[in-house]
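Architecture and fold: a report
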Amino acid sequence: QSKAIGTALNDYNALVPLMSPPAPCLEWNDIIHYGFLSEFKLLKHSHSVMTNDILSKPWTVPSNREVAAKYFKIKRAFEELRRLNVEICRLHTSIYDDATFLQVQVECLSSVDPHLA
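Keep in mind that this is a model prediction, so the values were computed, not measured.

A word on the overall build of the protein chain
Along the backbone of the protein chain there are four helices and zero strands. Taken from the N to the C terminus, the helices and strands of the protein chain come in the order α-α-α-α. Counting all 117 residues of the protein chain, 14% fall into the buried class. Counted over contacts in the protein chain with a minimum sequence separation of 6, partners at least 24 positions apart contribute 24%. Surface exposure of the protein chain reaches about 9600 Å², of which carbon and sulfur atoms provide 64%.

Laid out in structure tokens, this is it:
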């Protein structure tokens, strides 16, 4: 994956002088810390006549990306709560079943070997 990004970076930097308006060259250290695809300046400066200016897209605004990331974290938290509610019921049942099983075993052993029970 990093080799593909390196190739894309080299290709991009080779095309930078031909762009209008000129775009900045990128270094490997600039892009390795990007957490969002929208943070890639490579994408921000790669637009054609067929598309609108990519910088006007809502996902290029950092505050929009931050709000979206928080929204999806909250959404995932609710999914996790639903899953945990199921797991809590399973754990409770398992603990109850184990306690019942142990009590039955104690009762069985008490008639055979009271010291072991």
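Overview of a nonpolar patch on the surface
Taken together, the side chains of I74, F78, L81, L84 and I88 define a hydrophobic patch exposed on the protein surface, amounting to about 490 Å² of accessible area. Examined against the element boundaries, L81 turns out to sit in helix α4 (residues 62–112).

Some points on the pattern of salt bridges
Following the criterion strictly, the structure yields five salt bridges and no others. Of the charged contacts, one joins R76 and E79 as a salt bridge, the two residues approaching to 3.5 Å between their closest N and O atoms. Taken together, the residues R76 and E79, both in helix α4 and three residues apart, mark about one turn of the helix. Taking the relative accessible area as the measure of exposure, R76 reaches 46% and is therefore partly exposed. With a closest N to O distance of 3.3 Å, R76 and E80 form a salt bridge. Taken together, the positions of R76 and E80, both in helix α4 and four residues apart, correspond to about one turn of that helix. In the salt-bridge network here, residues are joined through shared partners; they are R76, E79, E80 and R83.

Structural notes on the confidence of the model for the protein chain
For the protein chain, mean pLDDT is 81; residues scoring 70 or higher make up 79% of the total. Between the elements of the protein chain, mean pLDDT differs from a low of 52, seen in helix α3 (residues 41–44), to a high of 94, seen in α4.

Thoughts on helix α1 (residues 2–15)
For α1, with 14 residues, the first-to-last C-alpha span of 20 Å sits near the 20 Å given by 1.5 Å per residue. The set of residues buried in α1 consists of G6, L9 and Y12. Down the axis of α1, the buried side of the element spans an arc of 125°, and every buried residue falls inside it. Those residues of α1 that are exposed and aimed more than 90 degrees away from the buried face are K3, A4, N10 and A14.

Quick notes on the rules
- Residues numbered from 1 in each chain as written.
- Predicted model: local features only at pLDDT ≥ 70, side-chain atom pairs only at ≥ 80, totals over all residues.
- Heavy atoms only, no water.
- Helix = DSSP H or I, 4+ residues; strand = E, 2+ residues; numbered from the N terminus.
- Buried < 20%, exposed > 50% of the residue type's maximum accessible area, 1.4 Å probe, protein only.
- Contact = heavy atoms within 4.5 Å.
- Areas by Shrake-Rupley, 256 points an atom, 1.4 Å probe, with all protein chains shown as cover.
- Patch = residues over 30% accessible without salt bridge, like charges linked within 9 Å, V, L, I, M, F, W, Y side chains within 5 Å.
- Salt bridge = Lys/Arg side-chain N within 4 Å of Asp/Glu carboxyl O.
- pLDDT = per-residue confidence, 0-100.
- Expected span 1.5 Å × (residues − 1).
- Arc of directions from axis to C-beta.

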